[in-house]
Amino acid sequence: MDSSFEQVIVGSDEFPGDAELSLLETLDHVLNRGLVIAGEITISVADVDLIFVGLNVLVSSVETAHEVLRERQQQSLPTSELAERPGD
Amino acid sequence: MKQSPENPRSAEPEIETSHAEEFVEQLRCVTDTLPSRINVDSHSVEQGLAKLVLTLIEFIRRLLEKQAIRRMEGGDLSPEQIEDLGLALMKLEAKLLELKGQFGLEDEDLNIDLGPVGRLI
Amino acid sequence: MKFYVYCVAESRPSLEGIAVGIAESDLELLEFEGLVAVASKFDDESVQINRANVLRHEAIVRSVLTETTLLPFRFGTVVGEANLRSFLIARRTALLSRLALVRNCIEMSIKIIWQIPSEPTVTQKHERDAEVGAGAAFLLSKRQEILGDETLSVKANEIAAWLGSRLDGFVRQAQIAVEPKQKLVLAGSYLIEQSLESKYREQVAKLKEERPHLHFLTSGPWPPYTFANIDLEFATHFGVS
């Protein structure tokens, strides 16, 4: 699991227990809830909506899912990490 | 609605508990299952989709098990049918374990939150 | 032009005393047919989920709440002006009715951790039958597991029911998530009329004393995040009961 996110939260002595608890509880409210505008939400939160949309797509078959996976690898995602990934 | 210092709605939310560490541990699990929204690298997208697919299969597998047990209890299956059904489901469980292993996913990874519907498993 | 949106309000807040928005953009109000979106310009690819942004989002929503009734947007909602307009106009009725629901209310939260009760396993005679094959044995042990799960489920739901009945007079609406197999067995969000907040708090204090074996985390007041979402289309798509 990517830990860059976690490090922001857990960090060092900068964030003693109570502050972390407070942030986690706040996150539970602002990130798991709230109004959602389906359709145009940036990539970072789109993951949540992708899952909704994805589920509709993926319920059909595992083969379809494999195709989706393959397609995404070939798609031009807006990041340089894709190009640098070895064995592609 | 005037802004005033006595207005309780301007107060910062208080967070109260006698068991901070326990809750931190539990709430961390919640944030751990968030997909990595900051990075859009292909590995994490693939991982996310694999998780999704396997979660669905896991869900269906459990439904099938429950259904088989219900039929077994209902008495309308012969001993041979029960045995065959059980063996097939055993194999399915083993297969899924293998798949999870291939993607490096644990049971906790597959328990995604579907918002209003709750957790999948 | 993309905007990061914080909430939609039923009247224009003054934005006094609120500093700056995410990515250091100034806050602006975008009004469409009487619904006011509180927003700030945003043009990055994605929103970082970090402490600063999360707290800023929360602080802005909370500030606006002192002046007007609102529905908070999920953190990280970035949208083009045209889409924002069509969302607000198309969903106007649902939004207005949701605003009416949360008017003069705050959200309070209760989370409960329990020590997962362990059940002694009940064995039945026929399981000892040496004639039972591997497949049948598999099903029988699964059945055992499921029965155990069901007992846990009953116990977890009892806690939810207890909370529900004891908080009944104070709560306009409640949303409760129960996870029988988790340590964090219950997460409840309660929409409370402002005027009842202290009575609610007193009641919760009593509840904590009544069941000292349960570990409580209470928080609030929050803007009505949990009661903001007008779409539950997911339930119908997946058909889970």
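Residues numbered from 1 in each chain as written. Chains lettered and ligands numbered in written order. Predicted model: local features only at pLDDT ≥ 70, side-chain atom pairs only at ≥ 80, totals over all residues.

A few words now on the overall build of chain C. Within chain C, the secondary structure is distributed over 6 helices and 9 strands. With 241 residues in all, chain C has 38% of them scored as buried. Taking the contacts inside chain C whose residues are at least 6 apart along the sequence as the reference set, 77% of them involve residues at least 24 apart. (Helix = DSSP H or I, 4+ residues; strand = E, 2+ residues; numbered from the N terminus. Buried ≥ 20, exposed ≤ 12 C-beta atoms within 10 Å, placed from the backbone. Contact = placed C-beta atoms within 7 Å.)

The subject of this paragraph is the pairing of strand β9 (residues 215–222) of chain C. Counting buried residues along β9(C), 8 of its 8 residues qualify, which places the element largely inside the surrounding structure. Bridge count between strand β1 (residues 14–17) of chain B and β9(C): 4 bridges; the pairing is antiparallel. Paired with B:Thr17 across the strands is C:Leu217, a residue of β9(C). Sheet topology places strand β6 (residues 105–113) of chain C next to β9(C); 6 bridges connect them, and they run antiparallel. The residue bridging C:Glu107 from the neighbouring strand is C:Trp222, located in β9(C). (Pairing = 2+ DSSP bridges.)

To continue, consider the confidence of the model for chain B. All names here are of chain B. The pLDDT averaged across chain B works out to 73; a share of 64% of its residues lies at or above 70. Predicted confidence in chain B is weakest over helix α2 (residues 42–74), with a mean pLDDT of 77, and strongest over β1, with 90. Residue range residues 1–8 is modelled with pLDDT below 50. Its contacts to residues more than four positions away, or to other chains, number 10 contacts. Confidence over residues 35–42 falls short of pLDDT 50; this stretch has 31 contacts with residues more than four positions distant or in other chains. (pLDDT = per-residue confidence, 0-100.)

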